Amino acid sequence: MERLVDMNNVSVRTNGRVRLENVSFSLNQGEHRALLGLNGSGKTTLLQAILGQVWATEGEVHTWFGRHGRVNMQDLRREIGIVSNALDDQYQHRAGETAFNVALSGYFASIGIYEQAPERITARAENALHTFGVSQYRDVPYVALSQGEKRRVMLARAWTTGAKLLLLDEPCTGLDVKGREELIEGLEASLKSPEAPTVLYVTHHLEELPGAVEAATIMKNGRVQADGKKEHVLTDEEISTAFDVSGSIQWHEQRPWFITGGAPIR
Ligand SMILES: Nc1ncnc2c1ncn2[C@@H]1O[C@H](COP(=O)(O)OP(=O)(O)OP(=O)(O)O)[C@@H](O)[C@H]1O
């Protein structure tokens, strides 16, 4: 199994603030993983460290391309698909961009299309829109879509990259229950393909984790609190500690639900 990401004792400090402290983290190809933790626990910083958007002040970050600092980050980023609020924000001011163009731009890892895409890539973008159930919005401006439709177009964009790694940073934010279930269903079906990328799924909401996510890493205060197979990590104790609220985990068809049942832990 190929190792996609390997971080050894990574710390990140910005403007005197500790964002990650002594974090060791790895991700193997095909091992879809959840990244969990409270607001400010370091999840986004960890994704940024993988993307080379922040640099380790201590320790090393390796990907399948090699060690950060020695590889062309642009090449690496072209093989990483992203779904995040930050990426969505970048399209909000581009009124003329159709859903198809947004999906296609994934191939160029750009916001907007500035080159002619090869035919096999335009076909891939069309297929991806179809897979995520948004092909009927192909020629509709992205900004005119509902939040749920936008998220599915963003997933299609990530699929069009042909990415090896997919970083999903709270992909269900702003979705109603139906929108969330549709997105999870589309994702679950797509992950069955042998060409599917490996997913690193950041969320505060355990119930939105697709069953295909097998492993979990919990962050707390910039450190790794727990890491391993989801059955071992998503326990009442670990989650209550991570979220500072007591409760229990209930499993339903491989998806965990955190039922809070008490006062915040102080
Ligand atoms: N640019 C920055 N400069 C200094 N500190 C930062 C910066 N960005 C984030 N931080 C701090 O780093 C810590 C980790 O933030 P991060 O955004 O990684 O957390 P998170 O787990 O993704 O949170 P959320 O769930 O709210 O998105 C927080 O204490 C945050 O205030």
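Notes on the structure follow. (Residues numbered from 1 in each chain as written. Predicted model: local features only at pLDDT ≥ 70, side-chain atom pairs only at ≥ 80, totals over all residues. Heavy atoms only, no water.)

## Observations regarding the sheet that holds strand β4 (residues 58-63)
Link 1 in the chain: The four strands lie next to each other as β2-β1-β4-β5, forming an open sheet whose pairing is antiparallel. Two strands close off the open sheet at either side, each with one partner strand: β2 (17-28) and β5 (66-67).
Link 2 in the chain: Where β4 and β5 come together, two bridges link them in antiparallel fashion. Note on β5: the bridge partner recorded for T63 is G66.
Link 3 in the chain: Across the sheet, helix α1 (residues 43-51) lies against β1 (3-14), β2 and β4, angled at about 65° from β2, the strand it touches most. (Pairing = 2+ DSSP bridges. Helix = DSSP H or I, 4+ residues; strand = E, 2+ residues; numbered from the N terminus. Contact = heavy atoms within 4.5 Å. Axes fitted to C-alpha atoms, helices over the stretch in contact; angles between N-to-C directions.)

## With respect to the site of the ligand
Link 1 in the chain: The environment of the ligand is formed by 14 residues, the closest being G40, K43, T44, T45 and H204.
Link 2 in the chain: For the ligand, the protein covers 69% of the area, taking 630 Å² as the surface of the free molecule.
Link 3 in the chain: At the level of secondary structure, the elements contributing two or more residues to the shell around the ligand comprise β2 and α1.
Link 4 in the chain: Its residues placed into classes, the shell around the ligand shows one nonpolar, nine polar and four charged. (Near = heavy atom within 4 Å. Areas by Shrake-Rupley, 256 points an atom, 1.4 Å probe, with all protein chains shown as cover. Nonpolar A, V, L, I, M, F, W, Y, C, P; charged D, E, K, R; others polar.)

## A word on helix α6 (residues 147-160)
Link 1 in the chain: When the terminal C-alpha atoms of α6 are compared, their 20 Å separation across 14 residues agrees well with the 20 Å that a helix rising 1.5 Å per residue should span.
Link 2 in the chain: Just downstream of α6, G162 is the residue with a positive phi angle, here 65°. (Expected span 1.5 Å × (residues − 1).)

## Overview of the pattern of salt bridges
Link 1 in the chain: In the structure shown here, the tally under the stated rule is 16 salt bridges.
Link 2 in the chain: Between R152 and E182 there is a salt bridge, with its nearest N and O atoms 3.3 Å apart. Of this pair, R152 sits in helix α6 while E182 is found in helix α7 (residues 177-190), placing the two residues 30 residues apart along the sequence.
Link 3 in the chain: Residue R152 is classed as buried on the basis of its relative accessible area of 14%.
Link 4 in the chain: We note a salt bridge from R180 to E207, for which the minimum N-O separation is 3.9 Å. (Salt bridge = Lys/Arg side-chain N within 4 Å of Asp/Glu carboxyl O. Buried < 20%, exposed > 50% of the residue type's maximum accessible area, 1.4 Å probe, protein only.)

## Here's the deal with the pairing of strand β7 (residues 165-169)
Link 1 in the chain: Most of β7 sits out of view: five of its five residues are buried.
Link 2 in the chain: Residues L165, L167 and D169 of β7 are buried on one face, and the alternating residues L166 and L168, pointing to the opposite face, are buried as well.
Link 3 in the chain: As paired strands, strand β6 (residues 80-83) and β7 are joined by four bridges and run parallel to one another. Its bridge partner lying in β7, V83 is registered against L168.
Link 4 in the chain: With five bridges joining them, β7 and strand β8 (residues 198-203) adopt parallel strand pairing. Bridged to L168 within β8 is Y201.
Link 5 in the chain: Since β7 and β8 lie parallel, the crossover through α7 that links them has a hand, and here it is right-handed. (Right-handed = clockwise from strand over helix to strand, strands pointing away.)

## What about the nonpolar core?
Link 1 in the chain: Within the largest apolar cluster, 52 residues are counted, with the highest numbers of intra-cluster contacts made by L36, L155, W159 and I239.
Link 2 in the chain: Looking at this core, the element that brings in the most residues is helix α4 (residues 99-108), giving seven residues.
Link 3 in the chain: Counting residues in hydrophobic clusters, the runner-up holds 27 residues, among them M7, L20, L47 and L200. (Core = buried A, V, L, I, M, F, W, Y, C linked by side-chain atoms within 4.5 Å.)

## Topic: the side chain of R152
Link 1 in the chain: Reaching out from R152, the side chain makes a polar contact with the backbone oxygen of G133 at a distance of 3.4 Å.
Link 2 in the chain: A distance of 3.3 Å separates a polar atom in the side chain of R152 from a polar atom in the side chain of E182. (Polar contact = N/O pair within 3.5 Å; in protein donor to acceptor, adjacent residues only side chain to side chain.)

## Quick word on the sheet that holds β8
Link 1 in the chain: The strand order across the open sheet built from six strands is β6-β7-β8-β3-β9-β10, with neighbouring strands paired in mixed fashion. Only two strands of the sheet have a single partner each, and these edge strands are β6 and β10 (223-229). Adjacent strand axes in the sheet meet at a mean angle of 15° when their direction is disregarded.
Link 2 in the chain: For strand β9 (residues 215-220) and β10, the ladder comprises six bridges, and the chain directions are antiparallel. Residue pairing for β10: I218 is matched across the bridge by A226.

## Some details on α1
Link 1 in the chain: Here α1 lies mainly inside the structure; eight of its nine residues are buried.
Link 2 in the chain: When we look at burial in α1, the residues that qualify are K43, T45, L46, L47, Q48, A49, I50 and L51.
Link 3 in the chain: After α1 finishes, the residue G52 shows a positive phi value of roughly 75°.

By themselves, these figures tell us nothing about what the structure is for.
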